[in-house]
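Okay, here's what each chain looks like letter by letter:
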Amino acid sequence: MTLVRWMPRRDMVSMQNEINRMFNSFFGSDQTEEPEAVWSPRLDVIETKDHYVVKIDLPGMRKEDVKITLRENVLNIRGERIEEAKQESESFHVVERRFGKFSRVLTLPTNVEAHRIEAKLTDGVLVVSLPKAEDAKPREINISM
């Protein structure tokens, strides 16, 4: 008996693909290509008094494989992880690692100082530090008499 790990998200995507294929064949569409592989790496967003910090897991990726852009308070982290070449003599029993293009888009709640953004990729974790703009930082207001 073979144990198969249940992955609800994968099963739902598979079911959606089968339904799409059924409708396409019924209505005469000849679209048989599988969509390009897409995966979504896990991330954390942390807010401190002065910064937003985004940590995203990108195991096995190099900095050349990732592009980070900021436009109108929208942070876009995208890249592609290329699948390793398979050998004819290999027989896979379990395949859980994801490959292909990814894009994570975050809308920041306040303005940041774009010229001071820093990003580092260490041990498969990309850390992006986004300093808050001075007008976005909380400040104490004194009450006058």
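Above this text is the structure in question.
Residues numbered from 1 in each chain as written. Predicted model: local features only at pLDDT ≥ 70, side-chain atom pairs only at ≥ 80, totals over all residues. Heavy atoms only, no water.

In terms of nonpolar packing, the biggest core is built from 17 residues, with Val54, Leu58, Ile77, Leu126 and Leu130 touching the most fellow members. Mapped onto this core, the elements with two or more residues apiece are strand 2 (51-57), strand 4 (74-81), strand 5 (100-107) and strand 7 (125-131). Once residues within four sequence positions are removed from consideration, leucine 130 is found in contact with Asp50, His51, Tyr52, Val54, Leu75, Leu108, Val112 and Ile117. (Core = buried A, V, L, I, M, F, W, Y, C linked by side-chain atoms within 4.5 Å. Buried < 20%, exposed > 50% of the residue type's maximum accessible area, 1.4 Å probe, protein only. Helix = DSSP H or I, 4+ residues; strand = E, 2+ residues; numbered from the N terminus. Contact = heavy atoms within 4.5 Å.)

With that settled, the discussion passes to the sheet that holds strand 7. As summarised here, the arrangement of the 4 strands in space is 1-2-7-6, forming an open sheet in which the pairing is antiparallel. Across the chains shown, the open sheet's two edge strands, defined by having one partner strand only, are strand 1 (43-47) and strand 6 (118-122). Between one strand axis and the next, the sheet turns by 15° as a mean value, whatever way the strands run. (Pairing = 2+ DSSP bridges. Axes fitted to C-alpha atoms, helices over the stretch in contact; angles between N-to-C directions.)

Inspection of every chain in the model, using the stated rule, returns 0 aromatic pairs. If you follow arginine 81 out to its NZ or CZ, it ends over the ring of phenylalanine 99, 5.5 Å from the centre. Of note, lysine 132 hangs over the ring of tyrosine 52, and the distance from its end group to the ring centre comes to 5.1 Å. (Phe/Tyr/Trp six-rings, centres within 6.5 Å; stacked < 30°, edge-to-face > 60°. Lys NZ or Arg CZ within 6 Å of the ring centre and 35° of its normal.)

Quick look at a nonpolar patch on the surface now. Taken together, Met12, Met15, Ile19, Met22 and Phe23 make up a surface patch of nonpolar side chains, about 500 Å² in accessible area. Looking at where methionine 22 falls in the secondary structure, it is placed in helix 1 (residues 8-26). (Patch = residues over 30% accessible without salt bridge, like charges linked within 9 Å, V, L, I, M, F, W, Y side chains within 5 Å. Areas by Shrake-Rupley, 256 points an atom, 1.4 Å probe, with all protein chains shown as cover. Salt bridge = Lys/Arg side-chain N within 4 Å of Asp/Glu carboxyl O.)

This paragraph deals with the sheet that holds strand 5. The strand order 3-4-5 describes an open sheet built from 3 strands, whose pairing is antiparallel. The open sheet has two edge strands with one neighbour each: strand 3 (66-71) and strand 5. Sheet twist, expressed as the average angle between the axes of neighbouring strands with direction ignored, equals 15°. Note that strand 4 and strand 5 share 8 bridges and pair antiparallel. Bridging across to strand 5, leucine 75 finds its partner in leucine 106.

If a residue is not glycine, its phi is most likely negative; likewise, a peptide bond is most likely trans. Here glutamate 72, not a glycine, exhibits a phi torsion of approximately 50°, which is positive. Counting through the fold element by element, glutamate 72 comes out in the loop between strand 3 and strand 4. Classification of glutamate 72 by relative accessible area gives exposed; the value is 72%. Positive phi values are uncommon outside glycine, yet aspartate 123 reaches one of about 50°. Along the chain, aspartate 123 turns up in the loop between strand 6 and strand 7. Take aspartate 123: its relative accessible area is 79%, and that puts it in the exposed class.

With that settled, the discussion passes to the pattern of salt bridges. Scanning the entire structure with this criterion turns up 4 salt bridges. A salt bridge links glutamate 47 to lysine 132; the nearest nitrogen and oxygen atoms lie 2.6 Å apart. With glutamate 47 in strand 1 and lysine 132 in the segment after strand 7, the pair connects residues that are 85 residues apart, well separated along the chain. Glutamate 64 serves as the salt-bridge partner of arginine 62, at 4.0 Å between the closest nitrogen and oxygen. Across the pair, exposure class does not vary: arginine 62 and glutamate 64 are exposed alike. A cluster of three or more residues bridged by salt bridges with shared partners is formed by Arg62, Glu64 and Asp65.

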